[in-house]
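# Reading the structure
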Amino acid sequence: MKLTKFKGLVLAGMLAATSMSAATWKYAFGEGVSDPQGIYATAFKDFVEENSRHKIELYKVGSLGEEADMMEQAKAGLLHFIGQSTGYMGGTIPQMDVFTVPYVLPTDTKQLDYFFKNSKVVNEMLPKIFNKHGLELLAIFPEGEMAVTTMEEFRSPADLKGKKMRVMPGSPILVETYEAFGASPQPMTWGDLVGALKTGMVDGQENPTVWIEAYGLDELTKVLTYTGHGHFNASVSANKNFFDGLGKRDKRLVQEAAKHAQKVILEEAQKLDAIGIGRIVKTNPNYKINMLTEEERAVFKKAAQKVQDSFASKSASNKKIMDQIKRDLAQAEKNTK
Ligand code: 6CS
C-alpha cells in the first residue's frame, strides 16, 4: 500500500473515531427550561443523548450574559448551539427581520405550522444566509401570537401617540413598526423590561401570552390587546465550523435531533396561545383583554405597509425574502383550508 493512501486511511479512521467519541456540546437559549425554547432544547438534548454517547449542557437565559453575548459566543465557537428569538436577530442578520414585519405572518397556527414545515424562505433561503454569518440554521419555530400589554386601552395608532413601548433590541423593523403605530419604541433587553414596567419607564410591551403569563407581565399592566400584527418566533442554529467539522454520522444526529425537536415544539405551539391566555383569565380575572376589530386593524395594517416597504428596500436580499415569504404564506393558506 502506498504511504499516502495509508495516511489517508489513518486520517479517515481518526476522524471517524473523533466523531464517534463522546463529546460535550454547549447549547444556550434565550428562555427558561419550561418555556418554548427550553422545550425545544430539552427535546434536542434528549434525542442526542439517547442516540449517541454525546452530552449536551443547556444554558438558559441569563446564565451566559445577554442575547447579544450569546450570539457572539455562538459565532466564535464558544457555544455549539444557540436558540434565540428572531426579534433579537435583525441587527445581526437583517433578513431575519422578515419575521417581525407587521401583518406578514398569519395568526392561524395551522397555517404557521404548514409554513414552518414547507417554507422555501425557512428551509432553503435562510440557511444559506446563516452560513455567511458562521452559523448553520437548524430550526425556526413559532411561540405564539404577539399580544400587546399596556397601562391604558388603545384602539388606534392615535391612542398610542407618545406611549413608550418596549421592543426587543437589535431589530430596526421593530422600532419602525412601533413608530408607524404612533408610539415611541424603546429597545431594551428582556432583563430590563420588568423593572422598566414597574418604574413606568415604559408604558407597554409585546410578547406571546404564554410568556406574558409565565413572567407576570399581566400583573404589571392593565390591558392586553390582540392587534393581529405579528407572531413571536425563535431560531436554533449551530456554529458552522463546529457543524462542518462533525463526521457524517454526527451531522445526521444533529439534523435528526433538530427534526425531532421541531416536531415536538410545533405540536406544542398549536396549544401555546390557548394555554397562555387561559391561565391569564383564570389567575387575573380583572385583567382587560381586547381584540381589535377588522376595521380597527385596517388602520394599523395601512400603517404597516410602510414598514413592509422599508424592509424590502433595505437590500436586494431582503426584497427576495419578502417576495418569497408571501408566496410561501399563500401556499400555506391554500393548503390548510
Ligand atoms: O421579550 C423578550 O425579550 C423575550 N420574550 C420571549 C417570548 N422569549 C425570550 C425573549 O427574550
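Residues numbered from 1 in each chain as written. Predicted model: local features only at pLDDT ≥ 70, side-chain atom pairs only at ≥ 80, totals over all residues. Heavy atoms only, no water.

### Focus on unusual backbone geometry
Among all residues except glycine, the phi angle is most often negative; among peptide bonds, the trans geometry is most common. Quick note on the threshold: Each helix is a run of H or I in the DSSP string that is no shorter than four residues. Each strand is a run of E no shorter than two, and both are numbered from the N terminus. Any residue under 20% of the maximum accessible area for its type is buried, any over 50% is exposed, and the rest in between are partly exposed; the area is computed with a 1.4 Å probe on protein chains only.
The residue Tyr-103 is not glycine, and still its phi comes out positive at about 60 degrees. Turning to its location among the elements, Tyr-103 is positioned in the loop between strand S3 (81–85) and helix H4 (109–118). For Tyr-103, a relative accessible area of 13% puts it in the buried group.

### What to know about the site of the ligand
As a reminder, the rule being used: Any residue with a non-hydrogen atom lying within 4 Å of a molecule or strand is treated as near it. Polar contact is the term for a pair of N or O atoms within 3.5 Å; when the atoms are in protein, one must be able to donate a hydrogen and the other to accept it, and sequence-neighboring residues count only if both atoms are side-chain atoms. Charged means Asp, Glu, Lys or Arg here, nonpolar means Ala, Val, Leu, Ile, Met, Phe, Trp, Tyr, Cys or Pro, and polar covers whatever is left, Gly included.
The ligand sits among 13 residues. The nearest are Glu-31, Tyr-88, Arg-166, Asn-207 and Phe-232. For the ligand, an oxygen atom lies 2.7 Å from a polar atom in the side chain of Arg-166. A distance of 2.9 Å separates a nitrogen atom of the ligand from a polar side-chain atom of Asn-207. Across the shell around the ligand, the residue classes tally to 6 nonpolar, 3 polar and 4 charged.

### Quick look at the packing of aromatic side chains
Quick reminder of the rule: Aromatic pairing here means that ring centres of Phe, Tyr or Trp (its six-membered ring) are within 6.5 Å. Orientation follows from the plane angle: under 30 degrees is stacked, over 60 is edge-to-face, and everything else is tilted.
All told, the structure shown has 17 aromatic pairs when counted by the stated rule. Their ring planes at 70 degrees and their centres at 5.6 Å tell us that Tyr-27 and Phe-44 sit as a pair that is edge-to-face. Of the two residues, Tyr-27 sits in strand S1 (residues 24–29) while Phe-44 sits in helix H2 (residues 36–51), which places them 17 residues apart along the sequence. Residue classification places Tyr-27 among the buried residues on the basis of a relative accessible area of 0%. Its relative accessible area of 0% is what places Phe-44 among the buried residues. For the pair Phe-99 and Phe-116, a centre-to-centre distance of 6.3 Å together with 20 degrees between the ring planes defines the contact as stacked. Of this pair, Phe-99 sits in the loop between S3 and H4 while Phe-116 is found in helix H4, placing the two residues 17 residues apart along the sequence. The class for Phe-99 is buried, based on a relative accessible area of 2%. For Phe-116, a relative accessible area of 2% translates into the label buried.

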